[in-house]
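Each chain, written out:
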Amino acid sequence: MKAVCPGSFDPVTMGHLDIFERAAAQFDEVIVLVTANPNKKSGLFSVAERMSLLEEAVAHLGNVRVDNWGGLLVEYTTAHKVTALVKGLRSSLDYEYELPMAQMNRRLSGVDTFFLLTDEKYGYISSTLCKEVARYGGDISGLLPPHVVEAVEAKYSQAQ
């Protein structure tokens, strides 16, 4: 089975990486798919930068690759013969947000969504929160892969 883990990943967190690793143990192939979220402002990183950071983060996972898509997710799943979507859930708020999308994706394409509960040690981590902490000089080590911490800190040091 081929699965997609879609998201903006701006930037990729340790929580995301945990979901990718767990999905890789369950599926033959996992595609980490950088998507555009129209509800989010422009990102800290370009799509190309996010893909590069993700590729380094998942390099140890032989059945995981990184791609990007700007259209409807179901168009990607159909074009690439994807049979499953994998999403991490931190809380009931994530579930409330993800449920209607999962139902619509299933209606449009027949692709099922598998929800993985986030490991409790990562439950409070979000890309948005990490960026906010970093913007004000806070310590984000341990929240993001080390190479991503460096990239985030470099972005904010350039902005000053």
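Residues numbered from 1 in each chain as written. Predicted model: local features only at pLDDT ≥ 70, side-chain atom pairs only at ≥ 80, totals over all residues. Heavy atoms only, no water.

## Remarks on the packing of aromatic side chains
Then, in step 1: Counted according to the given criterion, the structure contains four aromatic pairs.
Then, in step 2: With a centroid separation of 5.4 Å and an interplanar angle of 75°, the aromatic rings of Phe9 and Phe20 are classed as edge-to-face. Separated by eleven residues along the polypeptide, Phe9 in the loop between β1 (2-7) and α1 (14-26) and Phe20 in helix α1 bring together distant segments of the chain.
Then, in step 3: Residue classification places Phe9 among the buried residues on the basis of a relative accessible area of 5%.
Then, in step 4: Judged by its relative accessible area of 1%, Phe20 falls in the buried class.
Then, in step 5: Relative to Tyr76, the ring of Trp69 has its centre 5.3 Å away and its plane inclined at 70°; by these criteria the two rings are edge-to-face. (Phe/Tyr/Trp six-rings, centres within 6.5 Å; stacked < 30°, edge-to-face > 60°. Helix = DSSP H or I, 4+ residues; strand = E, 2+ residues; numbered from the N terminus. Buried < 20%, exposed > 50% of the residue type's maximum accessible area, 1.4 Å probe, protein only.)

## Considering the side chain of Asp94
Then, in step 1: Along the chain, Asp94 turns up in helix α4 (residues 92-109).
Then, in step 2: Note on Asp94: relative accessible area 16%, which makes it buried.
Then, in step 3: A distance of 2.8 Å separates the side chain of Asp94 from the backbone nitrogen of Arg90, its partner in a polar contact.
Then, in step 4: Not counting residues within four places of it along the chain, the set of residues in contact with Asp94 comprises Gly88 and Leu89. (Polar contact = N/O pair within 3.5 Å; in protein donor to acceptor, adjacent residues only side chain to side chain. Contact = heavy atoms within 4.5 Å.)

## A word on the nonpolar core
Then, in step 1: Formed by 39 residues in total, the largest nonpolar core has its most connected members in Phe20, Leu54, Val86, Leu144 and Val152.
Then, in step 2: When contributions to this core are tallied by element, the ones reaching two or more residues are β1, α1, β2 (29-35), α2 (47-57), β3 (64-69), β4 (84-89), α5 (127-135) and α6 (146-159).
Then, in step 3: The leading source of residues in this core is α1, at six residues.
Then, in step 4: Core analysis: the next-biggest nonpolar cluster, separate from the first, contains eight residues, Val4, Leu33, Leu73 and Leu85 among them. (Core = buried A, V, L, I, M, F, W, Y, C linked by side-chain atoms within 4.5 Å.)

## Quick word on the state of the cysteines
Then, in step 1: All chains considered together, the criterion is met by zero disulfides.
Then, in step 2: Of the cysteine sulfurs around Cys5, a residue in no disulfide, the closest is that of Cys130, at 18 Å.
Then, in step 3: By relative accessible area, which is 1% here, Cys5 ends up buried.
Then, in step 4: Relative accessible area serves as the criterion here: at 3%, Cys130 is assigned to the buried category. (Disulfide = S-S within 2.5 Å.)

## A few points about the UniProt feature "binding site: substrate" (unreviewed entry) in the chain
Then, in step 1: Annotation from UniProt places "binding site: substrate" (unreviewed entry) at Ser8, Lys40, Leu73 and Lys87.
Then, in step 2: Examined against the element boundaries, Ser8 turns out to sit in the loop between β1 and α1.
Then, in step 3: Within the secondary structure layout, Leu73 lies in helix α3 (residues 73-79).
Then, in step 4: Its relative accessible area of 16% is what places Leu73 among the buried residues. (UniProt positions renumbered as here; feature names shortened; annotations may be inferred.)

## Section: a negative patch on the surface
Then, in step 1: A cluster of acidic residues, Glu56, Asp139, Glu150 and Glu153, forms a negative patch at the surface.
Then, in step 2: Locating Asp139 in the fold gives a position in the loop between α5 and α6. (Patch = residues over 30% accessible without salt bridge, like charges linked within 9 Å, V, L, I, M, F, W, Y side chains within 5 Å. Areas by Shrake-Rupley, 256 points an atom, 1.4 Å probe, with all protein chains shown as cover. Salt bridge = Lys/Arg side-chain N within 4 Å of Asp/Glu carboxyl O. Lys, Arg positive; Asp, Glu negative; His and termini not counted. Charge placed at Lys NZ, Arg CZ, Asp CG, Glu CD.)

## Side note on the sheet that holds β2
Then, in step 1: Read across the open sheet, the five strands follow the order β3-β2-β1-β4-β5; overall the sheet is parallel. Where the open sheet ends on each side, the last strands, each with one partner, are β3 and β5 (112-117). With direction set aside, neighbouring strand axes in the sheet form an average angle of 30°.
Then, in step 2: Where β1 and β2 come together, six bridges link them in parallel fashion. Counterpart to Gly7 in the pairing with β2 is Val34.
Then, in step 3: Against the sheet, α1 contacts β1, β2, β3, β4 and β5, and its axis sits at roughly 120° relative to β5.
Then, in step 4: Sitting on the sheet, α4 is in contact with β4 and β5, with an inclination near 175° to β4. (Pairing = 2+ DSSP bridges. Axes fitted to C-alpha atoms, helices over the stretch in contact; angles between N-to-C directions.)

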